[in-house]
Amino acid sequence: MVDSLDAIHQALQTLTAAQLHLIREIDGRGLPIAHHASSTAVWLRERHRISIHAAKRLVDLARAVDERPALDGALVAGAVNAEQAGVIATTVRDLPDDLGPDLVDEAEAVLIGQAEQFEPAILRKAGERILAHVAPEIADARDTAALQRQEARAWQTRAFQLTRLGDGRVRLTGWLDETGAATVNAALDPLCAPRHDNDEPRTPAQRRADALVEVCDLATRTERLPDNGGQRPHVVVTMPFDVLEQQFGVGVLDTGGRLSPTQVRQMACDAQVIPAVLGGDGQVLDLGRTRRLITGALRRALELRDRGCAFPGCDRPPRWCHGHHIRSWADGGSTSLDNSVLLCGYHHRIIHGGQWSVRLCPEDGRPEFIPPAYVDPRQRPRRNLYTTRS
């Protein structure tokens, strides 16, 4: 069976070569135009009911092998397949104009020989370095010039956009150069690993999105970002305080986006709250002073106690964590060590989702978490063993 499959494959390449010869001859004689088709590719699409992309590839390859007799012979003999022939033809076509016909022929011969080992994708990569085989004295200079052009283009076209879609989502689009992408990857990769509890519900793409938010969240809590409008970087959420207390209604971001009460209450756990009195038309009548929540000595004490995210199985360090009020501050909970716990952004959202709950153990004052019944029917309290003191 294997021998038969190999024989059929080789025969198909020979038939493809014959097909390409006919297409080139038909194209050269102008037959498709005589049949009132706009191009040979369109004529092929209509006659053989193939896609226009497949038809264009056949026409392009037919012209390429017509110009390269050695490549044509290799295809007829089954030494290369049609995909490999397309890669070789493109590589040879893109060689420098001043290389000389002998070196072009040598490059073609090297690639035909490598086709016995490499599939098209790897053969294409080999083609990118073919000058190093046939003209090493100019290969480095050509590569350097090409890289400089690529770097200049990447830097010139760098971009980053956030587009609100109006359905609660914001689309991220953009381009980075290689150096910028390496920096972003270095920052995100440590945060993209699956959780250690082997119950990771997030896809890799979701983990990368969460990592980007975590990096930015950490940056906004440092003292090294420049001021924005005379203030440290911040996010503004507006909603009536009585609405925040009653857990209904929505909050409005300074960007115009809308947040659910759950999201607002999560942000309020470790945030600056500025009371403002507004008139009926939204005019600011009185603006109070900022009240900062879990900061200063209390934050340091919380970090010493929890030593990072307290959620079971999480290894996020303290600098990645928010201070969470066990009993919400909006519900009258105090801003104190015995009403606080450190949570990373991901597990902060989990707790505000309402399925897990957190409390401090009365014996030692350490945080413990009560899982939902579908995780543990007995709902036994759990602790983070990664940060437990020895």
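Residues numbered from 1 in each chain as written. Predicted model: local features only at pLDDT ≥ 70, side-chain atom pairs only at ≥ 80, totals over all residues. Heavy atoms only, no water.

Explanation requested: the overall build of the chain in the structure shown.
The number of helices and strands found in the chain is 16 helices and 13 strands. The long-range fraction of contacts in the chain, counting pairs at least 24 apart against all pairs at least 6 apart in sequence, stands at 46%. Just so you have it, the chain exposes about 24,700 Å², and 54% of that area is on carbon and sulfur atoms. (Helix = DSSP H or I, 4+ residues; strand = E, 2+ residues; numbered from the N terminus. Contact = heavy atoms within 4.5 Å. Areas by Shrake-Rupley, 256 points an atom, 1.4 Å probe, with all protein chains shown as cover.)

Help me understand the nonpolar core in this model?
Most often, soluble globular proteins keep nonpolar side chains buried together rather than apart. Counting 35 residues, the largest nonpolar core has Leu 20, Leu 44, Leu 71, Val 80, Ile 88 and Leu 95 as its most contacted members. Listed by contribution, the elements that provide at least two residues to this core are α1 (2-29), α3 (40-48), α4 (52-67), α5 (69-77), α6 (82-93), α7 (101-114) and α9 (131-134). If one sorts the elements of this core by residue count, α4 sits on top with 7 residues. Apart from residues lying up to four places away in sequence, Leu 71 is in contact with Val 65, Val 80, Ala 85, Ile 88, Ala 89, Glu 108 and Ile 112. (Core = buried A, V, L, I, M, F, W, Y, C linked by side-chain atoms within 4.5 Å. Buried < 20%, exposed > 50% of the residue type's maximum accessible area, 1.4 Å probe, protein only.)

Explanation requested: the side chain of Gln 114 in the structure shown.
Tracing the backbone shows Gln 114 in helix α7. For Gln 114, a relative accessible area of 15% corresponds to the buried category. The residues contacting Gln 114, other than those within four sequence positions of it, are Leu 123, Ala 126 and His 133.

Explain the pattern of salt bridges to me, please; I cannot follow it from the model alone.
Proximity of charged atoms lets side chains of opposite charge pair with each other. Applying the stated criterion across every chain, the model contains 19 salt bridges. Between Arg 169 and Asp 167 there is a salt bridge, with the nearest N and O atoms lying 2.9 Å from each other. The class for Arg 169 is exposed, based on a relative accessible area of 53%. Classification of Asp 167 as partly exposed rests on a relative accessible area of 45%. One salt bridge in this structure joins Arg 202 and Asp 210, with 2.8 Å as the shortest N-O distance. Both residues of the pair, Arg 202 and Asp 210, belong to the buried class. Through salt bridges that share partners, Arg 24, Asp 27, Arg 63 and Asp 66 make up one connected network. (Salt bridge = Lys/Arg side-chain N within 4 Å of Asp/Glu carboxyl O.)

Honestly, the side chain of Asp 72 in this entry has me stumped. Any pointers?
With respect to the helices and strands, Asp 72 occurs in helix α5. We note that Asp 72 is buried and unpaired, the nearest opposite charge coming from Arg 24 at a distance of 11 Å. Contact partners of Asp 72, with chain neighbours within four places excluded, come to Ala 17, His 21 and Val 65. (Lys, Arg positive; Asp, Glu negative; His and termini not counted.)

Please explain helix α16 (residues 345-352) as it appears in this structure.
Across the 8 residues that make up α16, a large majority, 6, are buried. Count one or two residues on from α16 and you reach Gly 354, which has phi positive near 90 degrees.

So what exactly am I meant to see when it comes to the pairing of strand β1 (residues 159-164) here?
In regular strands, side chains alternate between the two faces of the sheet. Sheet topology places β1 next to strand β2 (residues 170-175); 6 bridges connect them, and they run antiparallel. Note on β2: the bridge partner recorded for Gln 161 is Thr 173. What sits between the antiparallel neighbours β1 and β2 is a turn of 5 residues, in which Gly 166 has the positive phi angle 85 degrees. (Pairing = 2+ DSSP bridges.)

Just checking my understanding: could you explain unusual backbone geometry for this structure?
Glycine aside, residues mostly have negative phi, and peptide bonds are mostly found in the trans state. A positive phi angle, near 65 degrees, is found at His 36, a position not held by glycine. Here His 36 is to be found in the loop between α2 (31-34) and α3.

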